[in-house]
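Below, each chain spelled out in residue letters.
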Amino acid sequence: MFIKINGEWKYLWRAVDADGNVLDILVQNRRDKAAARRFFRRLLKTTGSVPRVIITDKLRSYGAAHREVMSSVEQRSHKGINNRAENSHQPTRQRERAMKGFRSPGGAQRFMAAFSGISPHFRPHRHLMTAGHYRFEMTIRFTIWNHITAATGMPAIA
C-alpha cells in the first residue's frame, strides 16, 4: 500500500494473520529486497515465532528476501490470495483521510502501530452477531476501554 507523507510516496508493509489481525506495520521508502528482508526480520522478532506459510503479492523482492530470511517457510503468491491483507488497509485509509494525511514517516509509523492494536477492539465481527449480541458486546468493549483510559489518566471520549 502507498501512503503520501508530506508530498512523498511511502510504502506501507503490513503483516496480517489468518484471522485478519494486524501483526506488524512498517513504513519504508522502497519496496526492494533489502526492505523486504528488513520487514521479514522485524516480523520474526516481534511475533517470536516462525509462520507455517506466508502469502504475498507477486512482488519479486518478497521471494528473494524470503529465500534469505526464512527459507523453510512456504511462500504463496497468487492473484487474490492476499485479500485479507489488502482489506485490512481500509480502516487505515479512512483514518488517514480523517486526519488529512500524515506529516512524517515516524508519525505515520507511530500512529499505525497504535491504531492497528486499538481499532479491532471497536470492530467486532458484526456479520456474525445478532443486533442484541452486538449491542451487548460493544457495551462490554466500551466499558473495558473506559476502565483502561481512566486508569492511565487519558481522556475517554466515546
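Look up: the structure comes first, before these words.
What counts and how
Residues numbered from 1 in each chain as written. Predicted model: local features only at pLDDT ≥ 70, side-chain atom pairs only at ≥ 80, totals over all residues. Heavy atoms only, no water. Phe/Tyr/Trp six-rings, centres within 6.5 Å; stacked < 30°, edge-to-face > 60°. Helix = DSSP H or I, 4+ residues; strand = E, 2+ residues; numbered from the N terminus. Buried < 20%, exposed > 50% of the residue type's maximum accessible area, 1.4 Å probe, protein only. Lys NZ or Arg CZ within 6 Å of the ring centre and 35° of its normal. Pairing = 2+ DSSP bridges. Axes fitted to C-alpha atoms, helices over the stretch in contact; angles between N-to-C directions.

K.L.:
I tried to follow the packing of aromatic side chains on my own but got confused; where do I start?
P.N.:
Remark: the centre distance and the inter-plane angle together describe each pair of aromatic rings, the angle taken between the planes. In total, this model carries five aromatic pairs according to the counting rule given. Each ring, one from Trp13 and one from Phe39, has its centre 5.7 Å from the other, and the planes form 40 degrees; the classification is tilted. Separated by 26 residues along the polypeptide, Trp13 in strand S2 (residues 8-16) and Phe39 in helix H1 (residues 33-47) bring together distant segments of the chain. The class for Phe39 is buried, based on a relative accessible area of 4%. Taken together, a centroid distance of 5.4 Å and an interplanar angle of 80 degrees make the contact between Phe122 and Trp145 edge-to-face. Here Phe122 is found in the loop between helix H5 (105-118) and helix H6 (131-152), whereas its partner Trp145 is found in helix H6, with 23 residues between them in sequence. Phe122 gets classed as partly exposed once you look at its relative accessible area, which sits at 23%. Counting every residue linked through ring pairs, the aromatic cluster contains Trp13, Phe39, Phe40 and Tyr62. If you follow Arg126 out to its NZ or CZ, it ends over the ring of Tyr134, 4.7 Å from the centre.

K.L.:
Where do I start with the sheet that holds strand S3 (residues 22-28) in this structure?
P.N.:
Either a parallel or an antiparallel arrangement is found when strands of a sheet pair, and the pairing is made through backbone hydrogen bonds. Reading across the sheet, the three strands line up as S1-S2-S3 and stay open at both edges, with antiparallel pairing between neighbours. Here the strands that pair on one side only, and so sit at the sheet edges, are strand S1 (2-5) and S3. Between one strand axis and the next, the sheet turns through 30 degrees on average, direction left out of account. Here S2 pairs with S3 via six bridges, running antiparallel.

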